[in-house]
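# Topology and contacts: notes
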Amino acid sequence: MKKVKRLALLALSVSVSPAFAQENIEGTIAADLVNQYIWRGQELGDVSLQPTLGVAYKGFSLTAWGSVGLSDKEDTKEFDLTAAWAKDGFHIGVTDYWFNVPNTRYFDYAAHSTSHVFEANVGYDFGPVALNWYTNFAGNDGVTGSGKRAYSSYVEATVPFQLASMGWTATVGAVPYATSFYGDAAGGFAVTNLSLRATKDIIITNTFSVPVFAGISANPSTEKAWLVCGFTLRP
């Protein structure tokens, strides 16, 4: 199964209400427009709109994210919900991914027909490098060569840095063991994602700017590469 979890998503944190200001509740609202949807070394859509909405309180957060194709009506639609907790560089969370294939019914959670995929993640941001591990534990997961649930996993290292007045992120990601969930990486360990992305704010007025990003992404295991670009809209 092909799955969609995102290009770089830049979000804006704002106070949701003066009545709750003293509680430090923050809200997130943003939308990305991208020329291609590339995720963990998989090509999952053409021109796409990817909105996000979330709230956070004392390290806990709940975020909704989605993707819909604008140039190809056959592109998979996605709606994700993520609950997470973060403190001092450490984070842990659970994501419920939903796709409109193979089942268009959102509230179908039956083991052999659901379009939901449930993934747990854990990671630590050391500053110079961040390490993250993701594992599917329920839902429409991939299988091993023998047909058993694969508990499909993905591990990733990211390195942020500044260069030429832009923010950059270098990423190396791999599938550690066999699963059909990552397509051509089903045979076992495979490096599926090498990427380098740059972001720069384009100043429109004194109070409004638009973050623009571009990057090169490659999948060594499938010998494919892409040039991806987009921008973020935020209030």
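Everything quoted here is computed from the prediction, not taken from an experiment.

A few words on the packing of aromatic side chains. Per the counting criterion, the structure on display carries 14 aromatic pairs. On the basis of an interplanar angle of 55° and a centroid distance of 5.8 Å, the ring pair of Y37 and W65 is categorised as tilted. On the criterion of sequence distance, the pair formed by Y37 in strand β3 (residues 37-39) and W65 in strand β6 (residues 60-69) is long-range, its members being 28 residues apart. Residue classification places Y37 among the buried positions, given a relative accessible area of 1%. A relative accessible area of 3% means that W65 is categorised as buried. Taking 6.4 Å as the distance between ring centres and 5° as the angle between the ring planes, the aromatic pair formed by Y97 and F99 counts as stacked. Members of the aromatic cluster, each reached through a chain of ring pairs, are W39, Y134, Y154, F181 and Y182. Sitting over the ring of Y134, R40 keeps its end group 4.3 Å from the ring centre. The ring centre of Y151 lies 5.8 Å from the NZ or CZ of R149, which sits over that ring.

Among the secondary structure elements, N103 is positioned in the loop between β8 (90-99) and β9 (116-125). The exposure class assigned to N103 is buried, which follows from its relative accessible area of 9%. At 2.9 Å, the side chain of N103 and the backbone nitrogen of R105 are in polar contact. Looking at N103, its side chain comes within polar contact range of the side chain of D108, at 2.7 Å. When near neighbours in sequence (up to four residues on either side) are disregarded, N103 contacts W98, D108, S113 and S115.

Let us now look at the nonpolar core. Ranked by size, the top nonpolar core spans twelve residues in total: Y37, W39, L44, W65, Y97, F99, V117, Y134, Y154, V175, F181 and Y182. Counting residues per element, the ones that place at least two in this core are β3 and β8.

In this section: the pairing of strand β2 (residues 26-34). Bridging between β2 and strand β5 (residues 48-57) involves nine bridges; their strand directions are antiparallel. If you follow I29 over to β5, its bridge partner there is L53. In this sheet, strand β15 (residues 224-233) lies alongside β2 in antiparallel orientation, the contact comprising four bridges. Residue L33 lies in a different strand from β15, and its bridge partner there is F231.

The next point concerns the confidence of the model for the chain. Averaged over the chain, the pLDDT score is 89; the fraction of residues at 70 or greater is 89%. Long-range and interchain partners of residues 1-22, a stretch whose pLDDT sits below 50, account for 80 contacts in this model, where long-range means more than four residues apart.

A few words now on a nonpolar patch on the surface. Together, F90, I92, V94, V122, Y124, F126, L131, W133, F137, Y151 and Y177 make up a nonpolar patch on the protein surface, roughly 960 Å² of accessible area in all. Of all the elements in the fold, those that place two or more residues in the nonpolar patch are β8, β9 and β10 (130-139). On the secondary structure map, Y151 appears in the loop between β10 and β11 (153-163). On the accessibility criterion, Y151 (43% relative accessible area) is partly exposed.

Examined bridge by bridge, β5 and β6 share eight bridges and lie antiparallel to one another. Along β6, the bridge assignment pairs S48 with G69. Hairpin connection from β5 to β6: two residues lie between these consecutive antiparallel strands, with K58 at a positive phi of about 50°.

Cut-offs and rules
- Residues numbered from 1 in each chain as written.
- Predicted model: local features only at pLDDT ≥ 70, side-chain atom pairs only at ≥ 80, totals over all residues.
- Heavy atoms only, no water.
- Phe/Tyr/Trp six-rings, centres within 6.5 Å; stacked < 30°, edge-to-face > 60°.
- Helix = DSSP H or I, 4+ residues; strand = E, 2+ residues; numbered from the N terminus.
- Buried < 20%, exposed > 50% of the residue type's maximum accessible area, 1.4 Å probe, protein only.
- Lys NZ or Arg CZ within 6 Å of the ring centre and 35° of its normal.
- Polar contact = N/O pair within 3.5 Å; in protein donor to acceptor, adjacent residues only side chain to side chain.
- Contact = heavy atoms within 4.5 Å.
- Core = buried A, V, L, I, M, F, W, Y, C linked by side-chain atoms within 4.5 Å.
- Pairing = 2+ DSSP bridges.
- pLDDT = per-residue confidence, 0-100.
- Patch = residues over 30% accessible without salt bridge, like charges linked within 9 Å, V, L, I, M, F, W, Y side chains within 5 Å.
- Areas by Shrake-Rupley, 256 points an atom, 1.4 Å probe, with all protein chains shown as cover.
- Salt bridge = Lys/Arg side-chain N within 4 Å of Asp/Glu carboxyl O.

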